[in-house]
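Residue-level listing of the chains:
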Amino acid sequence: MEPFVLKEIGGQPALFMLEPWMSRSEDLSAGFTGRNGGVGQAPYHTLNCAFHVGDHPEDVIANRKLVAESLGFRLDAWTCGEQVHRAEIAIIDKNRMGAGSLNRESGIQDTDGLLTNVPGVLLASFYADCVPLFFYDPKQGAVGLAHAGWKGTVARIAAKMTERMQEAFGSRCEDILAAIGPSIGSCCYEVDGKVMSFVHDLEKDFLGNEERSISDWYTAKRDGKYMLNLKDMNRHIMIKAGILPTHIECTSYCTSCRNDLFFSYRKDGGTTGRMASWIGLKER
């Protein structure tokens with residue numbers, strides 16, 4: 001069953017709620033925005049949530065406010081990093097709450113992973129095909145987001161998030177829940193040999209000396225290109241890091257196939273808006 005359930009009410013932002021998690025905890029909010037139900041003009045219409053794409057800043061702020069208020073958070077709770085397709089992770093305390101909410105410059109620099117155990121903080125990160133990763137430890141009250149393009153995936157940001165949760169919050173792997181959100185699927189994500197060289201290096205670490213491939217990760221084409229499955233790569237990385245397979249939710253949505261619902265960098269020709277993943281623990 002699809003874990004990201006669309007909540008779309010007229011005049012409100014399209015929100016894909018991470019239903020299995022939210023149904024078990026009334027204090028948690030987690031999910032992914034769609035491209036509809038906000039303000040803005042083409043090619044960013046209508047719910048673009050990122051400053052860096054060239055959209056009008058006032059429209060981005062308006063959209064972020066719409067999303068935050070729909071979730072029961074204030075705009076100044078919105079906390080995000082300046083993503084660079086690497087695997088740096090920031091721990092968010094009360095002093096860093098609201099970083100990047102109103103402009104790009106105040107975001108946490110060079111950061112693709114965010115973790116917090118502070119109620120009232122709304123973590124957010126941005127996507128238009130890359131893979132949003134969600135983390136939740138209900139025992140320790142810790143939550144996190146990671147942005148995983150192919151570079152972040154082969155850098156094992158999913159495993160590094162798990163390690164930081166253990167170090168910072170005392171999380172146990174068997175308690176951590178993880179989710180893989182809407183992103184481009186292997187049906188649409190074609191890559192070249194340069195990208196695959198990094199994928200093969202990671203694959204060798206998983207297989208050791210075995211002379212075979214992990215068939216779920218990619219399909220070779222006749223022209224030297226490959227169709228790559230970033231979702232399944234991240235799932236394997238989570239499992240190797242110690243997260244139980246039964247604790248991992250994975251979407252069926254492809255952002256390129258469902259361009260009516262999502263911005264897609266590839267489908268939209270490189271100029272488009274960005275969705276936001278979010279996660280936060282509400283203040284009581």
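Above this text sits the structure in question.
Bear in mind the structure is a predicted one, so any value in this text is a computation, not a measurement. The residue numbers shown here count from 1 along each chain, following its written sequence. Where totals are concerned, whole chains, interfaces and linings use all residues; where local detail is concerned, this predicted model gives features only for residues with pLDDT of at least 70, and gives and counts side-chain atom pairs only at 80 or more. Here the side-chain values reflect all heavy atoms present in the structure, with hydrogen atoms and water set aside.

## Let's talk about the pairing of strand β8 (residues 131–137)
Argument step 1. By the criterion of burial, β8 is predominantly enclosed, with seven of the seven residues buried.
Argument step 2. For the exposure calls, accessible area comes from a 1.4 Å probe over protein chains only, and a residue counts as buried if that area is under 20% of its type's maximum, exposed if over 50%, partly exposed in between. Each helix is a run of DSSP H or I of at least 4 residues and each strand a run of E of at least 2, with the numbering of both proceeding from the N terminus. Going residue by residue along β8, you find Val131, Leu133, Phe135 and Asp137 tucked away on one face and Pro132, Phe134 and Tyr136 tucked away on the opposite face as well.
Argument step 3. Summarising the sheet, β8 and strand β9 (residues 142–148) pair through seven bridges and their orientation is antiparallel. The residue of β9 that forms the bridge with Phe135 is Gly144.
Argument step 4. Any two strands are treated as partners once DSSP identifies two or more bridges connecting them. The pairing of β8 with strand β10 (residues 177–180) spans four bridges and is antiparallel. If you follow Tyr136 over to β10, its bridge partner there is Leu177.

## As for helix α2 (residues 57–71)
Argument step 1. A helix is expected to reach a length of 1.5 Å times the quantity of its residues less one. The terminal C-alpha atoms of α2, which comprises 15 residues, lie 21 Å apart, in line with the 21 Å expected from a rise of 1.5 Å per residue.
Argument step 2. The set of residues buried in α2 consists of Asp59, Val60, Asn63, Arg64, Val67, Ala68 and Leu71. On an axial view of α2, the arc spanned by its buried residues comes to 165 degrees, and they lie on one face.
Argument step 3. Where α2 is buried, its residues meet β2 (15–18), β3 (28–33), β4 (78–80), β7 (122–127) and β15 (275–281).
Argument step 4. Among the residues trailing α2, Gly72 stands out with phi positive, at a value near 90 degrees. The directions considered for the arc run from the helix axis to the C-beta atoms. Here, two residues are considered to be in contact whenever any of their heavy atoms come within 4.5 Å of each other.

## Focus on the packing of helix α5 (residues 193–207) against helix α6 (residues 230–240)
Argument step 1. Where helices are involved, their axes are fitted lines through C-alpha atoms of the stretch in contact, as for all axes, and angles between N-to-C directions lie from 0 to 180°. Here α5 crosses α6 at 35 degrees, and the two axes come no closer than 12 Å. Between α5 and α6 lies a crossing whose hand is left-handed. Across from Val199, Leu202, Asp205 and Phe206 in α5, the residues of α6 making contact are Met233, His236, Ile237 and Lys240.
Argument step 2. Note on residue classes: Ala, Val, Leu, Ile, Met, Phe, Trp, Tyr, Cys and Pro are nonpolar, Asp, Glu, Lys and Arg are charged, and everything else, Gly too, is polar. Grouping the amino acids of the contact of α5 with α6 by side-chain chemistry returns five nonpolar, one polar and two charged. A crossing counts as left-handed when the near helix is turned anticlockwise from the far one by less than a right angle, and as right-handed when that turn is clockwise.

## Details of the packing of aromatic side chains
Argument step 1. Aromatic rings from Phe, Tyr and Trp, with only the six-membered ring used for Trp, were paired whenever their centres fell within 6.5 Å, and each pair was classed as stacked if the ring planes differed by under 30 degrees, edge-to-face if by over 60, and tilted otherwise. Enumeration over the complete set of coordinates arrives at eleven aromatic pairs.
Argument step 2. For the pair Trp78 and Phe126, a centre-to-centre distance of 6.5 Å together with 20 degrees between the ring planes defines the contact as stacked. Note that Trp78 is positioned in strand β4 and Phe126 in strand β7, a separation of 48 residues in sequence.
Argument step 3. Residue classification places Trp78 among the buried positions, given a relative accessible area of 1%.
Argument step 4. In this analysis the charged atom, NZ for Lys or CZ for Arg, is taken to sit over a ring once it is within 6 Å of the ring centre and within 35 degrees of the ring normal. The ring of Phe206 is capped by Lys240, whose NZ or CZ atom sits 4.5 Å from the centre of that ring.

## What to know about the sheet that holds β9
Remark on secondary structure: sheet strands pair via backbone hydrogen bonds, oriented parallel or antiparallel.
Argument step 1. Spatially, the six strands line up as an open sheet ordered β5-β6-β9-β8-β10-β14, and their pairing is mixed. A single partner strand is all that each edge strand has here, and the edge strands are β5 (89–91) and β14 (248–250). Between one strand axis and the next, the sheet turns by 15 degrees as a mean value, whatever way the strands run.
Argument step 2. Bridge count between β5 and strand β6 (residues 113–116): three bridges; the pairing is parallel. Looking at β6, one finds that Ala90 is bridged to Leu114.

## Here we look at the environment of Arg266
Argument step 1. Note that Arg266 resides in the loop between β14 and β15.
Argument step 2. For Arg266, a relative accessible area of 41% translates into the label partly exposed.
Argument step 3. Along the primary structure Arg266 and Ala241 are separated by 25 residues, whereas in three dimensions their C-alpha atoms are 30 Å apart.

## Here we look at the sheet that holds strand β11 (residues 190–191)
Argument step 1. Pairing in this open sheet of three strands is antiparallel, and the strands run β11-β13-β12 from one edge to the other. Here the strands that pair on one side only, and so sit at the sheet edges, are β11 and β12 (218–220).
Argument step 2. For β12 and strand β13 (residues 226–228), the ladder comprises three bridges, and the chain directions are antiparallel. Bridging across to β13, Thr219 finds its partner in Met227.
Argument step 3. Across the sheet, α5 is in contact with β11, β12 and β13; its angle to β13 comes to roughly 60 degrees.

## Some details on the pattern of salt bridges
Argument step 1. When a carboxyl oxygen of Asp or Glu lies within 4 Å of a side-chain nitrogen of Lys or Arg, that pair is called a salt bridge. Tallied over the full model, the rule gives twelve salt bridges.
Argument step 2. Asp175 is paired through a salt bridge with Lys139; the nearest N and O atoms lie 3.4 Å apart. Placement of the pair is Asp175 in the loop between α4 (157–169) and β10 and Lys139 in the loop between β8 and β9, with a sequence separation of 36 residues.
Argument step 3. On the accessibility criterion, Asp175 (11% relative accessible area) is buried.
Argument step 4. The salt bridge involving Asp232 is made with Arg235; its shortest N-O contact spans 3.1 Å. With Asp232 and Arg235 both in helix α6, this residue pair falls three residues apart, about one helical turn.
Argument step 5. By relative accessible area, Asp232 is classed as buried at 13%.
Argument step 6. Among the charged side chains, a network of salt bridges with common partners joins Lys139, Arg172, Glu174 and Asp175.

Keep in mind these numbers describe shape, not what the thing actually does.
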